[in-house]
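Tertiary structure, described
These are the residues of each chain, in order.
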Amino acid sequence: MTFPWFGKKNSAKTAKDRLTIAIMSDRSNNSFPFLDELKAEIIEVVKKYIDVKEVHIQKEAEDGIEALSINVELKK
Amino acid sequence: MGIVIAVISGKGGVGKTTTTANIGLGIAQNDKKCVVVDFDIGQRNLDMLLGLENRVVYDMVHVMDDGIGLKQALIKSKISDNLSFLAASQTKDKSVLDSEKISKLIDSLKKDFDFIILDAPAGIESGYEHTIEFADKALVVVNPEVSSIRDSDRAIGILDSKSKRVKEGQEVDKFLIINRINSKMVQNGEMLNSDDILDILSIPLIGKIPEDREIVDASNQGKPIILSQDSQAGQAYKRIALRVCGEKVDFVDVESHKESFLQKVKGIFS
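Here, residues in each chain are numbered from 1, in the same order as that chain's written sequence. Chain letters and ligand numbers both follow the written order, the letters beginning at A and the numbers at 1. It should be noted that, the model being predicted, local features are given only for residues of pLDDT at least 70 and side-chain atom pairs only at 80 or more, the latter also being counted only at that level, while totals for whole chains, interfaces and linings use all residues. Hydrogens and waters are ignored; side-chain quantities use all the structure's heavy atoms.

**Focus: the overall build of chain A**
Secondary structure elements are taken from DSSP: a helix is a run of H or I of four residues or more, a strand is a run of E of two residues or more, and numbering for both begins at the N terminus. The helix and strand tally for chain A stands at 2 helices and 2 strands. Starting at the N terminus, the α and β elements of chain A follow one another as α-α-β-β. Burial statistics for chain A: of 76 residues in total, 17% are counted as buried. Using a 1.4 Å probe, the Shrake-Rupley method yields the accessible areas, and only the shown protein chains count as cover for residues. Total accessible area computed for chain A in this model is approximately 6400 Å², and 55% of it derives from carbon and sulfur atoms. Residue burial is assigned from relative accessible area. The probe radius is 1.4 Å, only protein chains are included, and a residue is buried under 20% of its type maximum, exposed over 50%, and partly exposed in between.

What follows is the structure, given as structure tokens:
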């Protein structure tokens, strides 16, 4: 049992927990600083053959396997 | 050929420039030829910390754009013959940086020096990418607090994707410097300890620097704290400089709070 008015604050533990989660989410969102370039190049390549509206790229991780899923949305 | 080391951080104000000045001087005092380059264009500060602000005539932009020779622009430190300094431009902004010119500049520095230490702008600023582009290694400076640690992880991410070495399939070795450790707060559980920070960032540690009031005094005078034999922070920088030079130096525990009797007495009266 802890008495908050006697015990140590121990906010360092809180900081560590919050940081671990924040950084994990940052890493999965920002793991491709070259994302925009990649998107632009894919659009260029596909556009030679079909009209492209947009490209969605997502990083997925499952069972220790990392994959890039690329969805090309076509113009109607 | 010299080794290029970028001193980086996520956010500003964590002690990057102080670290560059001290480690640069430490390397020079260890008999290696060292040049420190201020890449923080528009926010020149390294000259002040080294006490060389009155001797800056030409800066790196003069060298890159105006045909001024490196020899003319490099300033030798009064403290150590082995240490030279190249100033950032104070009048231009970071958009003047250009990969090709930087590459040329760094290549010529590599011929003359064993270590080329680049003081980078903060990782969120433009100009950061140019500083890390040609780095062989990086020293990542963090403070034991959440915003500094979070932002540094992003700066490391940029380094790992944009540097020339990485693009060529090699790695840029990164080493962590934890700056401004307040041992008393760590002991009280009010500040992240170094093990926690290493867990979160997962890069190897190269040094821990305790918070030290003398740092302000040192920058007031333009004399890096490493020159002070009885400063804990100065000694910590000295150890890091030796490790950068490849020497094996034991880590000193700066996180356990030890108060000498004299400090305790002082504490009562202050």
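Structure's up, so let's keep going.
**Observations concerning helix H10 (residues 194-201) of chain B**
Residues and elements named next belong to chain B. Where H10 is concerned, the buried positions are Ser194, Asp196, Ile197, Ile200 and Leu201. Along H10, the residues classed as buried sweep out an arc of 160° about the axis, all on the same side. Away from the buried face of H10 by more than 90 degrees, exposed residues Asp195 and Asp199 are located. Here H10 starts with a cap whose side-chain oxygen sits 3.1 Å from the backbone nitrogen of Asp195, and that cap is Asn193. Note that the arc is computed from the directions linking the helix axis to the C-beta atoms. What qualifies as a polar contact is a pair of N or O atoms within 3.5 Å, subject to a donor-acceptor requirement within protein and to the restriction that residues adjacent in sequence count only when both atoms come from side chains.

**Digging into the sheet that holds strand S5 (residues 115-119) of chain B**
Residue and element names in this part refer to chain B. When DSSP finds two or more bridges between a pair of strands, those strands are recorded as paired. Pairing is mixed across the open sheet formed by 8 strands, whose spatial order is S3-S4-S2-S5-S1-S6-S7-S8. Both outer strands of the open sheet, strand S3 (75-76) and strand S8 (205-210), are each paired with one neighbouring strand and no more. Bridge count for strand S2 (residues 34-38) against strand S4 (residues 83-86) is 4 bridges, and the pairing is parallel. Note that in S4 the partner of Val36 across the bridge is Phe85. Only heavy atoms matter for contacts: two residues are in contact if any of them lie within 4.5 Å across the pair. Fitting a line to C-alpha atoms yields each axis, with helices limited to the stretch in contact; the angle taken between N-to-C directions then spans 0 to 180 degrees. Across the sheet, helix H1 (residues 16-29) lies against strand S1 (3-8), S2, S4, S5, strand S6 (137-142) and strand S7 (173-181), angled at about 170° from S5, the strand it touches most. Along the sheet, helix H5 (residues 99-112) contacts S1, S2, S4 and S5; its crossing angle with S5, the most-contacted strand, is approximately 140°.

**Considering the environment of Ile156 of chain B**
Residue and element names in this part refer to chain B. Mapped onto the elements of the fold, Ile156 is located in helix H7 (residues 146-162). Distance in space between the C-alpha atoms of Ile156 and Ser228 is 32 Å, their sequence separation being 72 residues. With near-sequence residues (within four places) excluded, Ile156 lies in contact with Tyr128, Val140, Lys174 and Ile203.

**Concerning the nonpolar core**
Nine residue types can take part in a nonpolar core, namely buried Ala, Val, Leu, Ile, Met, Phe, Trp, Tyr and Cys, and a core is a set of them joined through side-chain atoms within 4.5 Å. Judged by nonpolar contacts, the single largest core of 36 residues is most densely connected at Ile23, Ile27, Phe85 and Val244 of chain B. Element by element, the count of residues in this core is highest for helix H12 (residues 232-244) of chain B, at 6 residues. Formed by 29 residues, the second largest nonpolar core is a distinct cluster that contains Ile23 of chain A together with Leu159, Val172 and Leu201 of chain B.

**Quick notes on unusual backbone geometry**
Residue and element names in this part refer to chain B. For Asp31, which is not glycine, the phi torsion reads 65° and is therefore positive. One can find Asp31 in the loop between H1 and S2. One non-glycine residue, Arg180, lies in positive phi territory at about 65°.

**Things to note about the interface of chain B and chain A**
Opposite the 19 residues of chain B that make contact, chain A presents 17 residues. Joining two parts hides part of their accessible area as seen by a 1.4 Å probe, and the buried area is that hidden amount summed over both. Roughly 1500 Å² is buried in total at the junction of chain B and chain A, and carbon and sulfur atoms are behind 57% of that figure. Ranking the residues of chain B by area buried against chain A places Arg150, Glu190 and Ile200 of chain B at the top, with a combined share of 32%. Its salt-bridge partner being Lys16 of chain A, residue Asp196 of chain B comes within 3.4 Å of it at the nearest N-O pair. Between the two partners, chain B and chain A, sit 8 residue pairs in polar contact (both at pLDDT 80 or more). Elements with a minimum of two residues in the side of chain B that touches chain A: H7 and H10 of chain B. Take the side of chain B that touches chain A: its biggest share by element is 8 residues, from H7 of chain B. Salt bridge criterion: a side-chain nitrogen from Lys or Arg within 4 Å of a carboxyl oxygen from Asp or Glu.

**Details of the state of the cysteines**
Throughout, a disulfide means two cysteine sulfur atoms within 2.5 Å of one another. In this structure the tally under the stated criterion is 0 disulfides over all chains. Unpaired in this structure, Cys34 of chain B has its nearest cysteine sulfur neighbour in Cys245 of chain B, at a distance of 8.1 Å.

**Points about a nonpolar patch on the surface**
All names here are of chain A. Taken together, the side chains of Val45, Tyr49, Ile50, Leu68, Ile70, Val72 and Leu74 define a hydrophobic patch exposed on the protein surface, amounting to about 640 Å² of accessible area. If one sorts the elements of the nonpolar patch by residue count, strand S2 (residues 65-74) sits on top with 4 residues. Tracing the chain through its elements places Leu68 in strand S2. Only residues whose relative accessible area exceeds 30% and that form no salt bridge are eligible for patches; like-charged ones are grouped when within 9 Å, while nonpolar side chains (Val, Leu, Ile, Met, Phe, Trp, Tyr) are grouped when within 5 Å.

**Side note on the confidence of the model for chain B**
A score from 0 to 100, pLDDT tells how confident the predictor is in each residue. Confidence in the prediction for chain B averages 93 pLDDT; 95% of positions are at 70 or higher. On the interface metric, ipTM, the complex scores 0.82, and its pTM is 0.84.

**Details of the packing of aromatic side chains**
All names here are of chain B. Think of it this way: a Phe, Tyr or Trp ring, Trp meaning its six-membered ring, pairs with another when their centres are within 6.5 Å, and the plane angle makes it stacked under 30 degrees, edge-to-face over 60, tilted otherwise. Under the counting rule described, the total for this entry stands at 0 aromatic pairs over all chains. Whether a charge sits over a ring depends on NZ of Lys or CZ of Arg being within 6 Å of the ring centre and within 35 degrees of the ring normal. A cation over a ring is seen here: Lys33 above Phe113, with NZ or CZ 5.1 Å from the ring centre. Note that Arg243 overlies the ring of Phe251, its terminal NZ or CZ placed 3.9 Å from the centroid.

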